[in-house]
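The chain contents come next:
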Amino acid sequence: MSKIIKIKAYEFKELNNKAKQKFTYEMYDTPFDYEDEDENGNTIIKYDYFADMDLEDQVEFCEMNNYLFDVNGNLIGHLEVMENVNWSHWKEHI
């Protein structure tokens, strides 16, 4: 059974420093791999880490991936945005 709930979701740039640090720490387990070439022209795999990005790149990365967070920096799963909803109809369900 699905429920309609009201939550506050934040973009990375809206989080306080402690919440940003929490997410950054959690991202250490998930490096981003990319292909590069060594000095001989061979394709090699390299890794980047979220924590190694500057704040502007971190914000951009989260925006590109549509990441939303709770106030503590926990990543929230997919949210369905309901625009132009008459909430008075749903008031009894919230």
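Quick summary incoming for the structure in this document. (Residues numbered from 1 in each chain as written. Predicted model: local features only at pLDDT ≥ 70, side-chain atom pairs only at ≥ 80, totals over all residues. Heavy atoms only, no water.)

**Overview of helix H1 (residues 17-26)**
Because an α-helix packs 3.6 residues into every turn, residues spaced three or four apart end up facing the same way.
1) Next: By the burial criterion, the buried members of H1 are Ala19, Lys20, Phe23 and Thr24. The arc that holds the buried residues of H1, viewed along the axis, is 135°, so those residues lie on one side. Of the exposed residues in H1, the ones pointing more than 90 degrees away from its buried face are Asn17, Lys18, Gln21 and Tyr25.
2) Next: In this structure, the buried residues of H1 make contact with helix H2 (55-64), strand E3 (68-69) and strand E4 (75-76).
3) Next: Near the N-terminus of H1, the side chain that reaches the backbone nitrogen of Lys18, with its oxygen 3.1 Å away, is that of Asn16. (Buried < 20%, exposed > 50% of the residue type's maximum accessible area, 1.4 Å probe, protein only. Helix = DSSP H or I, 4+ residues; strand = E, 2+ residues; numbered from the N terminus. Arc of directions from axis to C-beta. Contact = heavy atoms within 4.5 Å. Polar contact = N/O pair within 3.5 Å; in protein donor to acceptor, adjacent residues only side chain to side chain.)

**Let's talk about the packing of aromatic side chains**
1) Next: Within this structure, the stated rule accounts for twelve aromatic pairs.
2) Next: Note on Tyr28 and Tyr49: the rings are 6.4 Å apart at their centroids and 40° apart in plane angle, and the pair reads as tilted. Of this pair, Tyr28 sits in the loop between H1 and strand E1 (32-37) while Tyr49 sits in the loop between strand E2 (43-48) and H2, placing them 21 residues apart in sequence.
3) Next: Classification of Tyr49 by relative accessible area gives partly exposed; the value is 29%.
4) Next: Ring geometry for Phe32 against Phe61: centres 4.7 Å apart, planes inclined by 55°, an arrangement best described as tilted. Residue Phe32 is found in strand E1, and its partner Phe61 is found in helix H2; the two are separated by 29 residues along the sequence. Per residue, the accessibility class of Phe32 equals that of Phe61, and both read buried.
5) Next: In textbook terms, an aromatic cluster arises when at least three aromatic residues are bridged by ring pairs, as seen for Phe12, Phe23, Phe32, Phe50, Phe61, Tyr67 and Phe69. (Phe/Tyr/Trp six-rings, centres within 6.5 Å; stacked < 30°, edge-to-face > 60°.)

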